[in-house]
Amino acid sequence: MNEYKFIKDQDPEIYATLVGEEAREARGIELIPSENYVSRAVLEANGSIFTNKYSEGYPGRRYYGGQEYTDAMETITIERAKELFKAKYANVQPLGGAAANVAMYFALMEPGDTVLGMDLSHGGHLTHGHPTTSVNKVFNFVRYKMKDIETGEIDYDELRAVALKEKPKIILAGFSAYSRELDYKKFVEIAKEVGAYTVADMAHIAGLIAGGVARNPFDDGFDVITTTTHKTLRGPRGGMILIREDEEIRKRINKTVFPGMQGGPHMHIIAAKGVAFGEALTPAFKEYAKQIIKNAKAMESVFKNHDIRLLCGGTDNHLLLADVYGSLGITGQEAEIVLDEVGITLNKNMIAGDTRTAMDPSGIRFGTPAMTTRKMMEKEATRLAELMIMAMKSKDDEAKKAEIQKEVQAICEAFPVPEVHV
Ligand code: DSN
């Protein structure tokens, strides 16, 4: 438990929200696949003295004086990022995943150019050009989809046909709600045919790649990777852009991040990224990444045994998408609320071919990065999946829900959020 000793006296209102959130995170189980629990070391860097410093520019080339320690710290963070992902260059300044993607688009394209990315309804992400986003006003976004939503196989023939017709500048791989490994080699082959850059948005699976349990798109020749740092990678809330080897791309990315899109980088966050990357370079992190997938597979088995339809037929990574409306007659929104009541947090989610709305879709999305940080193993993953299904089947049974909530709380008490991750 944090002390918050200064906030407590100075600002009781904010203090109340901090201790409330800390207690909420401890007593329930977090199954939102994009969330995690950082170590106290990452939190310390996140809340550190570096928040005071303006450091526009890059190490060795800043617009303000007094950069002795910021330069050293950002350089360490960059070197760790490069080592983790086998990148020749890294820009650790993007404020988040969306900021990283926007900078990447402007660095690699001119207004009006085309991006070929995964359809949002098939697992892509808002920042991959959803009509409601600003980048959609500047660039032209075209789509590929899955060939078969029961296996998750991407329709690479369609991807190639669209690429040949639309001549995209960027072919984008990556997702926020897709549970299979991608065939990066095929993306690279197609991109070569049409002269496009290959970019992977690996925000969800960065920790799995760093831990060696998911393929690194750079091994198959991708040009650029964008990512957040706070999901499976278990760092602070932020973004990053990695470049496999191209010096010209490095120059363009760096210029676009600053001064193109951002002002002073958040140096305290960069310090926390450095600490998190240090953790991700340890053998303990490799074990963690392996266990994330084992736990997801354990949950997959339970859902399958209960004949609940899983999109893509299951998972290769940390997340699962279940068609709860089709299988249990409960909507995604109802499921989210019932599960919250019993202490399990996850997302409602649209599923491919959904006939319902984004605010009340047919599916739920859940995953194992945070529970695995609490050292829960297959036994707990299995039981939590059973409890989830029980709760969804008992949405109007208050007594049953109270019983389930008690068991969830007991599991959480047996697996407290750890302060140290290495
Ligand atoms: N909001 C993130 C997620 O939950 O997947 C993606 O940016």
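Residues numbered from 1 in each chain as written. Predicted model: local features only at pLDDT ≥ 70, side-chain atom pairs only at ≥ 80, totals over all residues. Heavy atoms only, no water.

A.B. asks: Please provide a residue-by-residue account of the sheet that holds strand β12 (residues 239–243), values included.
C.D. replies: Spatial ordering of the open sheet is given by β4-β12-β11-β10-β9-β5-β6, a layout of seven strands whose pairing is mixed. Taken across any chain shown, the strands that pair with only one partner, and hence form the sheet edges, are β4 (89–91) and β6 (140–144). Adjacent strand axes in the sheet meet at a mean angle of 20°, parallel and antiparallel pairs treated alike. Strand direction decides the pairing type here: β4 and β12, joined by three bridges, are antiparallel. Bridge pairing links N91 to I241 in β12. (Pairing = 2+ DSSP bridges. Helix = DSSP H or I, 4+ residues; strand = E, 2+ residues; numbered from the N terminus. Axes fitted to C-alpha atoms, helices over the stretch in contact; angles between N-to-C directions.)

A.B. asks: Outline the site of the ligand, listing residues and values.
C.D. replies: Contacts to the ligand come from S34, H125, S176, H204, K231 and R365. A distance of 2.7 Å separates an oxygen atom of the ligand from a polar side-chain atom of S34. In this structure, R365 approaches the ligand through a side-chain N or O atom, which is 2.8 Å from an oxygen atom. Here the ligand, which alone exposes 230 Å², has 64% of that area covered by the protein. Residue composition of the shell around the ligand, grouped by class: no nonpolar, four polar and two charged. (Near = heavy atom within 4 Å. Polar contact = N/O pair within 3.5 Å; in protein donor to acceptor, adjacent residues only side chain to side chain. Areas by Shrake-Rupley, 256 points an atom, 1.4 Å probe, with all protein chains shown as cover. Nonpolar A, V, L, I, M, F, W, Y, C, P; charged D, E, K, R; others polar.)

A.B. asks: Any details on the packing of helix α4 (residues 68–85) against helix α11 (residues 267–280)? Residues and values, ideally.
C.D. replies: Across the interface, α4 lies against α11 with an axial gap of 9 Å and an inter-helix angle of 40°. By the angle class used here, α4 and α11 are oblique. Considering how the two elements wind past one another, α4 and α11 form a crossing that is left-handed. Residue-level contacts link T70, M73, E74, T77, R80, A81 and L84 of α4 to M267, I270, A271, K273, G274, V275, F277, G278 and A280 of α11. Within the contact of α4 with α11, the residues separate by chemical class into nine nonpolar, four polar and three charged. (Parallel < 35°, antiparallel > 145°, perpendicular 65-115°, else oblique. Left-handed = near helix turned anticlockwise from the far one by under 90°. Contact = heavy atoms within 4.5 Å.)

A.B. asks: Give me the lowdown on the packing of helix α14 (residues 332–341) against helix α16 (residues 378–393), citing residues and values where you can.
C.D. replies: Describing two packed helices takes the angle between their axes plus the distance from one axis to the other. The N-to-C vectors of α14 and α16 enclose an angle of 115°; their axes lie 9 Å apart at closest approach. The angle between α14 and α16 falls in the class roughly perpendicular. Here α14 runs over α16; the crossing is right-handed. Here A335, V338 and L339 of α14 come into contact with α16, specifically with M388, A391 and M392. Considered class by class, the residues forming the contact of α14 with α16 number six nonpolar, no polar and no charged.

A.B. asks: Any chance you could break down unusual backbone geometry for me, citing the residues and the numbers?
C.D. replies: Here F258 and P259 are connected by a cis peptide whose omega angle stands at 10°. Of note, C312 is a non-glycine position whose phi angle comes to about 65°, a positive value. For C312, the position within the fold is in the loop between α12 (283–305) and β13 (319–323). According to the relative accessible area criterion, C312 is buried, its value standing at 1%. (Buried < 20%, exposed > 50% of the residue type's maximum accessible area, 1.4 Å probe, protein only.)

A.B. asks: Give a description of the sheet that holds strand β16 (residues 363–367) that names residues and reports values.
C.D. replies: Overall, antiparallel pairing links the three strands, which are arranged β13-β16-β15 in an open sheet. Of all the strands in the sheet, just β13 and β15 (347–349) have a single pairing partner and so form its edges. Neighbour-to-neighbour, the strand axes of this sheet turn through a mean angle of 35°, independent of strand direction. Those strands touched by α12 are β13 and β16, and its axis lies near 15° from that of β13.

A.B. asks: An account of the side chain of E56 is requested, with residue identities and associated values reported.
C.D. replies: Here E56 lies in the loop between α3 (40–46) and β2 (57–58). Within the buried core, E56 has no salt-bridge partner, and the shortest N-O distance to an opposite charge, that of K53, equals 8.6 Å. Polar side-chain contacts of E56 include one of 3.3 Å to the side chain of Y64. Residues contacting E56, with those up to four places away along its chain left out, are R61, R62, Y63, Y64, F258, G263, G264 and P265. (Lys, Arg positive; Asp, Glu negative; His and termini not counted. Salt bridge = Lys/Arg side-chain N within 4 Å of Asp/Glu carboxyl O.)

A.B. asks: Got a sec to walk through the packing of aromatic side chains? Specific residues and values, please.
C.D. replies: Where two aromatic rings form a pair, the distance of their centres and the angle of their planes describe that pair. In this structure the tally under the stated criterion is 13 aromatic pairs. Their ring planes at 80° and their centres at 5.3 Å tell us that Y184 and F222 sit as a pair that is edge-to-face. Residue Y184 is located in helix α8 (residues 184–194), and its partner F222 is located in the loop between α9 (206–210) and β11 (224–228); the two are separated by 38 residues in the primary sequence. The buried category is assigned to F222, whose relative accessible area is 0%. For the ring pair F303 and F366, a centre distance of 5.0 Å and an interplane angle of 35° mean the geometry is tilted. Here F303 is found in helix α12, whereas its partner F366 is found in strand β16, with 63 residues between them in sequence. For F303, a relative accessible area of 0% gives the class buried. F366 sits in the buried class, given a relative accessible area of 0%. The ring of Y156 has K186 sitting right over it, with the charged end atom 5.1 Å from the ring centre. (Phe/Tyr/Trp six-rings, centres within 6.5 Å; stacked < 30°, edge-to-face > 60°. Lys NZ or Arg CZ within 6 Å of the ring centre and 35° of its normal.)

A.B. asks: Quick one: what's the story with the pattern of salt bridges, residue by residue and with numbers?
C.D. replies: Per the stated rule, a full pass over the model turns up 32 salt bridges. One salt bridge in this structure joins K297 and E300, with 3.1 Å as the shortest N-O distance. Of this pair, K297 and E300 both sit in helix α12, separated by three residues, roughly a single helical turn. For K297, a relative accessible area of 33% puts it in the partly exposed group. Overlapping salt bridges bring together R62, D71 and E74 as one network.

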